[in-house]
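Structural characterization, general
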Amino acid sequence: MEKYKKIGIKLTPQRLAVLGYLEGNTDHPSAEDIYHELLKKYPSMSFATVYTTLSTLRQKGWLSEITIDQGKKRFDPNMSDHNHLICTTCKKVVDIKIPFNLALPEVAASDFMITGSHIEFFGICPDCRKNNRYYQEETEQCA
Ligand SMILES: [Zn+2]
Ligand SMILES: [Zn+2]
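Residues numbered from 1 in each chain as written. Chains lettered and ligands numbered in written order. Predicted model: local features only at pLDDT ≥ 70, side-chain atom pairs only at ≥ 80, totals over all residues.

1. Details of the nonpolar core
Counting residues in hydrophobic clusters, the biggest one holds 11 residues: Val18, Leu19, Leu22, Ala31, Ile34, Tyr35, Met45, Val50, Leu54, Leu57 and Phe75. Of all the elements in the fold, those that place two or more residues in this core are helix 2 (13-22), helix 3 (31-41) and helix 4 (47-59). (Core = buried A, V, L, I, M, F, W, Y, C linked by C-beta atoms within 7 Å. Buried ≥ 20, exposed ≤ 12 C-beta atoms within 10 Å, placed from the backbone. Helix = DSSP H or I, 4+ residues; strand = E, 2+ residues; numbered from the N terminus.)

Here you go:
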């Protein structure tokens, strides 16, 4: 609660619920995900409140936004430098917690002074692999 005061927004119970939901969350939820989850506990929660709270937090630098599929923004409360693994089948987003070398060859940098990077790796997550969801999709496409 104390640290949320630093954000500089009016802390209504509904906004606090959104903040509480995001605290330590590593699922990279969308606004829809957050809304549906909070609605179970807060039946008066409105989607607009969730959405504007997320936008405000992003503007104030408390959240980052990941665009994987167009039209569905996903939010990440982890503001430390990290990269992502994205499942192309179920759209799960997982943090890559271990730093690794991402040096861009000087010739590829177009004279930019590089100040940061964010890499997204795409693949099939263990759950989808276990359930052969990837292969199912392949056969559906062939049929
Ligand atoms: Zn998956
Ligand atoms: Zn992340």
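2. Details of the domain arrangement of the protein chain
When the domains of the protein chain are assigned, the result is domain 1 (1-78) and domain 2 (80-143). Opposite the 7 residues of domain 1 that make contact, domain 2 presents 7 residues. In terms of residue count, the dominant contributor to the side of domain 1 that touches domain 2 is strand 1 (residues 64-69) (3 residues). Residues that form the side of domain 1 that touches domain 2 fall into these classes: 2 nonpolar, 3 polar and 2 charged. (Domains from an automatic or database assignment. Contact = placed C-beta atoms within 7 Å. Nonpolar A, V, L, I, M, F, W, Y, C, P; charged D, E, K, R; others polar.)

3. Description of the packing of helix 3 against helix 4
Relative orientation of the contacting elements helix 3 and helix 4 amounts to 130 degrees, with a least axis distance of 9 Å. Put simply, helix 3 runs oblique to helix 4. The crossing of helix 3 and helix 4 is right-handed. Contacts from Ala31, Ile34, Tyr35 and Leu38 in helix 3 reach Phe47, Val50, Tyr51 and Leu54 in helix 4. (Axes fitted to C-alpha atoms, helices over the stretch in contact; angles between N-to-C directions. Parallel < 35°, antiparallel > 145°, perpendicular 65-115°, else oblique. Left-handed = near helix turned anticlockwise from the far one by under 90°.)

4. Some thoughts on unusual backbone geometry
Of note in this structure, Lys91 is not a glycine but carries a positive phi near 65 degrees. Relative to the elements of secondary structure, Lys91 occurs in the loop between strand 3 (83-87) and strand 4 (93-96). One non-glycine residue with positive phi stands out, namely Asp111, at about 65 degrees. Inspection of the secondary structure assignment puts Asp111 in the loop between strand 4 and strand 5 (120-123). Taking the C-beta count within 10 Å as the criterion, Asp111 has 5 such neighbours and is therefore assigned exposed.

5. A short note on the pairing of strand 3
Sheet analysis places strand 3 next to strand 4, joined by 4 bridges and oriented antiparallel. When the bridges of strand 4 are listed, Leu85 appears paired with Val94. Sheet topology note: the strand 3/strand 5 ladder contains 4 bridges and is parallel. The partner of Ile86 across the bridge, within strand 5, is Phe122. (Pairing = 2+ DSSP bridges.)

6. Notes on the environment of Ser117
On the secondary structure map, Ser117 appears in the loop between strand 4 and strand 5. Between the C-alpha atoms of Ser117 and Val18, which are 99 residues apart in sequence, the distance is 28 Å.

7. A look at the sheet that holds strand 5
Backbone-to-backbone hydrogen bonds join strands into a sheet, with any given pair of strands oriented parallel or antiparallel. What the 3 strands build is an open sheet, ordered 4-3-5; its pairing is mixed. A strand with exactly one partner marks an edge of an open sheet, and here the two such strands are strand 4 and strand 5. Across the sheet, the axes of successive neighbouring strands diverge by a mean angle of 25 degrees, strand direction being ignored.

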